[in-house]
Amino acid sequence: MADFSDSMLVSALILVLAYALIFSEKLHRTSAAILGAVVMIGVGMGMDFYTQEEAIAAVDANTILLLAAMMMLVSLLRPTGAFEYMAVYITRWAKGDARLLLIYLSLAVSLISMVLDNVTTVIVFAPLTVLICRLLRLNPMPYLMAEAMLSNIGGAATLVGDPPNLMIGSAGKISFNDFLFHMGPPVVVVWAGTVLLLLFLFRKQMRRGAGEVRELVDTHAIKDLAGLQKILVSLALVVGLFFVHHHFHFFPAYAAFVGLALALALMKPDMDVLFNGVNWSVLFFFAGLFMIVGGVEASGLLNLFGNSLAEMAREPGQLLLAGLMLMWIAAVLSAVVDNIPFTVTMIPIILGLESSGVNIAPLWWALALGVGLGGNGTHIGATANIIAVAESEHSNIPGARITPAAWMRIGIPTTFFSLILASLFYSLFFDIFR
Amino acid sequence: MNLEEILIPTEVAQAGMSFGDALAECVKQNVPGIPFVDGEGKIVGRFSLRHAFRLTCVPRDYIQGAHLLGDDLDYMDMAEEKAEMILPQPVEGYVLEDAIQLNPGAQVMKALAIMEQFNTGYLFLTDGDEYKGVITRVGIARLVLNLGCC
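Every chain's residues receive numbers from 1 upward, in the order its sequence appears when written. Here chains are named by letter from A upward and ligands by number from 1 upward, in the order in which they appear as written. Only residues with pLDDT of at least 70 get local features here, since the model is predicted, and only at 80 or more are side-chain atom pairs given and counted; chain-wide, interface and lining totals rely on the full set of residues. Side-chain metrics in this entry use all non-hydrogen atoms of the structure; hydrogen atoms and water are not considered.

1. What to know about the pattern of salt bridges
- Any carboxyl oxygen of Asp or Glu that lies within 4 Å of a side-chain nitrogen of Lys or Arg is treated as forming a salt bridge with it. Counted under the stated rule, the structure contains 7 salt bridges over all chains.
- The shortest N-O distance in the salt bridge between Asp61 of chain B and Arg134 of chain A comes to 2.8 Å. Here Asp61 of chain B is found in helix α3 (residues 60-64), whereas its partner Arg134 of chain A is found in helix α7 (residues 118-135) on a different chain. For the pair formed by Asp61 of chain B and Arg134 of chain A, the shared burial category is buried.
- Residues Glu391 of chain A and Arg60 of chain B are paired through a salt bridge, measuring 2.7 Å at the closest nitrogen-oxygen approach. Here Arg60 of chain B lies in helix α3 and Glu391 of chain A lies in helix α19 (residues 383-395), a pairing that spans two chains.
- Using a 1.4 Å probe on the protein chains alone, a residue whose accessible area is under 20% of its type maximum counts as buried, one over 50% counts as exposed, and one in between counts as partly exposed. Of the residues examined, Glu391 of chain A reaches a relative accessible area of 3% and is grouped as buried.
- We classify Arg60 of chain B as partly exposed; its relative accessible area is 42%. Strands are runs of DSSP state E lasting at least 2 residues, helices are runs of H or I lasting at least 4, and numbering of each runs from the N terminus.

2. Observations concerning unusual backbone geometry
All names here are of chain A.
- Phi at Arg137 takes a positive value of approximately 55 degrees, unusual for a residue other than glycine.
- For Arg137, a relative accessible area of 47% gives the class partly exposed.
- Here the phi dihedral of His249 falls at roughly 55 degrees; this positive angle occurs in a residue that is not glycine.
- Examined against the element boundaries, His249 turns out to sit in the loop between α11 (225-244) and α12 (252-267).

3. As for the interface of chain B and chain A
- Only heavy atoms enter the contact rule, under which two residues are in contact if any of them lie within 4.5 Å. At the interface, 12 residues of chain B touch 18 residues of chain A.
- When two components associate, each loses some accessible surface as probed by a 1.4 Å sphere; the sum of these losses over both components is called the buried area. Summed over both sides, the interface of chain B with chain A buries roughly 1,500 Å², with 60% coming from carbon and sulfur.
- Counting across the chain B and chain A interface gives 2 salt bridges.
- Contacts described as polar in this section are N or O atom pairs within 3.5 Å, which, within protein, must combine one atom able to donate a hydrogen with one able to accept it, while residues neighboring in sequence count only if both atoms come from side chains. At the boundary of chain B with chain A, the tally comes to 4 residue pairs in polar contact (both at pLDDT 80 or more).
- Note on residue classes: Ala, Val, Leu, Ile, Met, Phe, Trp, Tyr, Cys and Pro are nonpolar, Asp, Glu, Lys and Arg are charged, and everything else, Gly too, is polar. Its residues assigned to classes, the side of chain B that touches chain A shows 6 nonpolar, 4 polar and 2 charged.

4. Some remarks on the packing of helix α10 (residues 176-201) of chain A against helix α20 (residues 404-428) of chain A
Residue and element names in this part refer to chain A.
- Axis angles are defined between N-to-C directions and span 0 to 180 degrees, where every axis is a line fitted to C-alpha atoms and, for a helix, only to the segment in contact. The interhelical angle for the contact between α10 and α20, taken along N-to-C directions, is 150 degrees, at an axis separation of 9 Å. Classified by the interaxial angle, the pair formed by α10 and α20 is roughly antiparallel. With respect to the hand of their crossing, α10 and α20 are arranged in right-handed fashion. The residues of α20 that touch α10, namely those facing Pro185, Pro186, Val189, Val190, Gly193, Thr194, Leu197, Leu198 and Leu201, are Ile410, Pro413, Thr414, Phe417, Ser418, Leu421, Ala422 and Phe425.
- Across the contact of α10 with α20, the residue classes break down as 13 nonpolar, 4 polar and no charged. Each angle gets one of four labels, with under 35 degrees taken as roughly parallel, over 145 as roughly antiparallel, 65 to 115 as roughly perpendicular, and the rest as oblique. Helix crossings are classified by the rotation of the near helix relative to the far one: an anticlockwise turn of less than a right angle makes the crossing left-handed, while a clockwise turn makes it right-handed.

5. Description of helix α14 (residues 280-299) of chain A
Residues and elements named next belong to chain A.
- Expected span, for any helix, means 1.5 Å times one less than how many residues it has. With 20 residues, α14 extends 29 Å between its outermost C-alpha atoms, agreeing within 8% with the 28 Å of an ideal straight helix rising 1.5 Å per residue.
- Burial analysis of α14 places 15 of its 20 residues in the buried class, which makes it a mostly covered element.
- Positive backbone phi, approximately 95 degrees, marks Gly300, located one or two places after α14.

6. Some remarks on the side chain of Asp61 of chain B
- Judged by its relative accessible area of 1%, Asp61 of chain B falls in the buried class.
- A distance of 2.8 Å separates the side chain of Asp61 of chain B from the side chain of Arg134 of chain A, its partner in a polar contact.
- Those residues in contact with Asp61 of chain B that lie beyond four places of it in its chain are Pro127, Val130, Leu131 and Arg134 of chain A.

7. Some details on the sheet that holds strand β1 (residues 13-14) of chain B
Residues and elements named next belong to chain B.
- For two strands to be treated as a pair, DSSP must find at least two bridges joining them. The mixed open sheet is built from 4 strands, whose spatial order is β1-β2-β3-β4. Each edge of the sheet is formed by a strand with only one pairing partner; in this case those strands are β1 and β4 (95-96).
- Two elements, β1 and strand β2 (residues 33-37), share 2 bridges in a ladder whose sense is parallel. Along β2, the bridge assignment pairs Ala13 with Phe36.

8. Concerning the nonpolar core
All names here are of chain A.
- For this analysis, a nonpolar core means a set of buried residues of the types Ala, Val, Leu, Ile, Met, Phe, Trp, Tyr and Cys, connected via side-chain atoms within 4.5 Å. Counting 162 residues, the largest nonpolar core has Leu101, Tyr143, Ile231, Phe242, Phe286, Leu367 and Tyr426 as its most contacted members.
- At 12 residues, the largest contribution of residues to this core is made by helix α4 (residues 61-77).
- Leaving out residues up to four positions away in the same chain, Ile231 has contacts with Leu73, Leu76, Leu77, Thr80, Ala263 and Met267.

9. Notes on the sheet that holds strand β5 (residues 101-102) of chain B
Residues and elements named next belong to chain B.
- The strand order across the open sheet built from 3 strands is β5-β6-β7, with neighbouring strands paired in mixed fashion. The open sheet has two edge strands, β5 and β7 (130-136), and neither has a second partner.
- Judged from the 6 bridges that link them, strand β6 (residues 122-127) and β7 form a sheet pairing that is antiparallel. Its bridge partner being in β7, Phe124 is matched across the sheet by Val134.
- Those strands touched by helix α5 (residues 108-117) are β5, β6 and β7, and its axis lies near 130 degrees from that of β6.

Here is the structure:
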């Protein structure tokens with residue numbers, strides 16, 4: 001085993017300081033990540049353990065470009081009114097039943113989150129949810145919380161549903177189908193269990209039905225029918241290509257760009273508007289993190305850390321235990337801090353284990369389940385949660401405000417319950433995950 | 001064209017005034033907003049009808065889903081008890097911090113450009129620290145009509 005060197009110590013220090021800056025929110029997380037990357041590269045060059053070339057190579061272009069393409073597709077879909085149209089019909093189908101409304105809204109948000117960014121989905125659906133609840137004279141709190149939590153869970157099912165999954169899939173060279181095959185079944189079980197638990201936990205708020213059925217009208221819901229048709233064709237192409245990308249050796253990012261190119265040709269959007277729809281801050285945050293972790297990796301520290309873990313995980317009998325530990329640690333950390341830095345740090349460690357003869361496949365799924373489910377524990381555990389909280393505050397409806405304590409009262413039992421379900425599934429069907 | 005020709009002199013809002021008083025002044029002078037001044041009479045904000053209604057009557061979700069609301073939702077009318085609750089409120093809670101001011105000597109095109117830049121339909125005319133009144137886009141339209149050209 002290699003000795004602990006000065007460059008390892010320095011790179012670890014830069015990583016810890018950068019992450020402390022990110023989590024403290026003293027500086028915007030993107031600024032903190034860029035600052036950390038600049039320091040890591042500068043110090044790395046000075047101490048001769050990291051180069052500019054290595055830093056650029058450390059940025060996972062597949063992840064960044066896939067995210068950018070999906071953001072652009074969403075920014076083309078959003079103004080068409082498709083989400084509003086769905087909301088109108090969800091309200092109709094629920095027929096004023098408080099429980100059905102929660103199930104339908106959560107299902108819609110979860111399904112959309114499997115393909116599109118769940119943050120955008122919740123941003124669009126949250127105000128519509130408050131509006132629907134206002135019409136039906138229901139407290140929007142259970143609905144906002146359920147949408148955020150279940151969109152986080154739904155997003156965990158697919159390669160493109162959640163940024164950590166993109167990173168895991170890209171690093172592990174996992175296809176869209178493989179991701180869906182391995183993550184779909186546990187996510188379905190966890191999703192169904194969570195809905196039942198939420199219906200139980202919110203039983204007081206949902207005791208009464210809404211009474212009089214009031215509906216939204218769909219007359220003006222669709223603002224751009226021709227645009228909607230074009231973007232749906234493009235999105236269908238993207239999803240279709242996701243299912244077969246591995247056969248053609250396409251990167252998922254390329255599959256997304258094929259659909260985006262079609263959408264651009266068909267819709268001829270205003271480029272300024274299109275690029276305004278891209279969350280550049282998130283993309284640069286990720287790029288900065290990749291560069292920071294790349295420096296730590298180049299120093300040899302992650303390899304040293306991985307070797308220690310490999311001793312434990314190399315034993316086939318211990319692999320299940322290692323996977324479960326990883327899942328729970330990832331979940332607990334994801335509940336209190338951003339799950340992206342943790343994922344970015346864990347990826348090279350897991351990749352390093354492979355060279356030590358460890359079967360790393362189960363660890364990828366454990367990591368994806370942990371970071372995907374852990375975010376539900378607190379109101380700051382996932383961006384979708386923060387949006388739900390903000391919307392509840394803006395609603396000014398008595399009793400609707402989601403305080404941090406109110407979130408945790410529901411979020412912590414829900415997260416534990418979903419982790420127990422995921423752990424049971426992972427343990428019982430461990431052969432699938434090998 | 002002289003902006004003072006379309007000037008509408010108004011009272012100003014200040015701490016201690018009620019929401020209802022500020023609203024009444026806007027209605028009386030037929031303007032979309034009036035300045036809010038501090039204890040020394042300096043303009044430090046504005047009472048805007050649009051902002052006031054947004055805070056009191058139109059939640060964000062209504063705005064986003066406005067096109068989805070049917071016309072038969074009778075309970076969405078402004079309730080009498082709500083109006084009674086809002087009107088005596090102190091005006092300070094409904095003040096916007098930005099108050100775009102213009103010199104009476106400024107040209108009409110500049111006034112229109114500033115209205116566009118700040119997405120507003122009215123501006124406050126001030127001569128130094130002295131508040132003169134409000135000019136509105138409708139007032140400028142009247143000026144243009146009086147000129148007989150556009």
